[in-house]
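Per-entry structural report
The lines below spell out each chain.
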Amino acid sequence: MRISNRLMTRVGSAALMAALSVSAGVAMAQDGPLRGNIRVVIGSTSTGGDTYQNSTIVVDQLAERLDLNMKVDAVGASSAFRTLDRDSRGNTLMIFHDQSYLGHLYGVEGYDDIFEKYTVGPTLAINPGNAYLVPKDSPYQTLDDIIAAVGNGETVRVAIQPGGVSEIGFSALKNAIAIEHPGQEDNLVAVNTGSQSDKNQQLFDGQADVINGTVQANEQYTRLPEDDQKAMRFVWLTARQDTIEQAPEEGLGQTSREQLLEYVEPNVHVTMGDDESFTFDKEFFFLYNKDMDPAIVEQIDEALTDIYAEGEIQETQKNAFFIPNFKPSDEASEYLADKMARYEEIISNIK
């Protein structure tokens, strides 16, 4: 079959125009200062945890928007900070949560003041699931029961992972007891341990009366019958009421949003003094090398502004039981600095 030169010319021209169009699109996507392969380190070594899951949702959307190869790397906090310190080009970024400044407030080795050493980037989402639980057959029905028992001289043991998100609720509870029952706060005793499975085991073995946990990790145990050694129940979620109200109506597992709201303020009150209640939202955000090109900060802010304006990422986050909470870098930095100052006061009060 013979094809005319004229037809060949038309086909060739169309192919050339298509190629030029694709090239132009790629060129436009690559116009910003963020280029090449981008490694996003996170302050966790788990690829099954909330930090990895939330980071992947955001990074996948950013990679598509910016037409870049971006990969989340679960290296843990110490390694992530060291890696970020070495790369001012912008090829290494970091996503972490409140542990990044709480570790510094608690004096944990390897945690510097992020507001001095790094550039704080945009906030991304909240994990609303930070919780405290007791055995299902515990004599303590509510958090008020625990506060009253400690105030009456009983020793109550709380399993936590020291130095961060796991400990901040314990610190707030101890501070509340010091306010309401001065001199009795030392009856609330920390059982310092490691991972969530370690904290759970302390409860199973009767070595702790209360544990720090999460809705995601511990809700399954709240479904067990009371005579099961592993059965537990929630007594407190540290998240704000407004945060839980944004969760899907079905909640998580067999625990609805309405049921979760029973464990947050104002239904559960942990005083900070002066009629103020303690709440704590675990929030995820970017951290950048201090010497990184500010234009990259702006590029990521603009891309995320567009992504969140479209609305798809919020649905993905909510389906994974995260609450969307995007704030651009300048706003996020001021907001998180204020948040750190608020919790610094609590930690200082109990030292």
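Residues numbered from 1 in each chain as written. Predicted model: local features only at pLDDT ≥ 70, side-chain atom pairs only at ≥ 80, totals over all residues. Heavy atoms only, no water.

All right, on to the nonpolar core then. Judged by nonpolar contacts, the single largest core of 51 residues is most densely connected at Tyr-101, Leu-102, Trp-236, Phe-278 and Leu-287. The leading source of residues in this core is helix H7 (residues 165-180), at seven residues. Each residue touching Trp-236, except ones within four places of it in the same chain, is listed here: Asn-130, Ala-131, Tyr-132, Leu-143, Gly-169, Leu-173, Tyr-263, Val-268, Val-270 and Phe-278. Grouped together as the second largest cluster of nonpolar side chains are 31 residues, Ile-38, Val-58, Leu-124 and Ile-296 included. (Core = buried A, V, L, I, M, F, W, Y, C linked by side-chain atoms within 4.5 Å. Buried < 20%, exposed > 50% of the residue type's maximum accessible area, 1.4 Å probe, protein only. Helix = DSSP H or I, 4+ residues; strand = E, 2+ residues; numbered from the N terminus. Contact = heavy atoms within 4.5 Å.)

This part is about the domain arrangement of the protein. Domain parsing of the protein yields domain 1 (29-127 + 282-349) and domain 2 (130-261). Spacing between the C-alpha centres of domain 1 and domain 2 amounts to 28 Å. Opposite the 18 residues of domain 1 that make contact, domain 2 presents 19 residues. Buried area between domain 1 and domain 2, summed over both chains or domains, comes out near 1600 Å², and the portion from carbon and sulfur atoms is 66%. Together, Tyr-106, Phe-321 and Ile-323 form the three largest contributors to the area buried by domain 1 at its contact with domain 2, with a combined 41%. Taken together, the connections running from domain 1 to domain 2 amount to six residue pairs in polar contact (both at pLDDT 80 or more). Going through the elements one at a time, helix H4 (99-105), strand E4 (118-127), strand E11 (323-327) and helix H14 (329-350) are the ones with two or more residues in the side of domain 1 that touches domain 2. For the side of domain 1 that touches domain 2, the leading source of residues is H14, giving four residues. (Domains from an automatic or database assignment. Buried area = accessible area lost by both parts, 1.4 Å probe. Polar contact = N/O pair within 3.5 Å; in protein donor to acceptor, adjacent residues only side chain to side chain.)

The subject of this paragraph is a negative patch on the surface. A contiguous patch of negative charge on the surface is contributed by Glu-249, Glu-250, Glu-258 and Glu-262. As for its placement among the helices and strands, Glu-250 is situated in the loop between helix H10 (241-245) and helix H11 (257-260). Here Glu-250 falls in the exposed class, since its relative accessible area comes to 56%. (Patch = residues over 30% accessible without salt bridge, like charges linked within 9 Å, V, L, I, M, F, W, Y side chains within 5 Å. Areas by Shrake-Rupley, 256 points an atom, 1.4 Å probe, with all protein chains shown as cover. Salt bridge = Lys/Arg side-chain N within 4 Å of Asp/Glu carboxyl O. Lys, Arg positive; Asp, Glu negative; His and termini not counted. Charge placed at Lys NZ, Arg CZ, Asp CG, Glu CD.)

This part covers unusual backbone geometry. At the junction of Glu-265 and Pro-266, the peptide bond is cis and its omega measures out at 10° in the coordinates. Within the element layout of this structure, Pro-266 appears in the loop between H11 and strand E10 (282-289). Even without being glycine, Phe-321 reaches a positive phi, approximately 65°. Within the secondary structure layout, Phe-321 lies in the loop between helix H13 (312-319) and E11. Taking relative accessible area as the criterion, Phe-321 reaches 3% and is therefore assigned buried.

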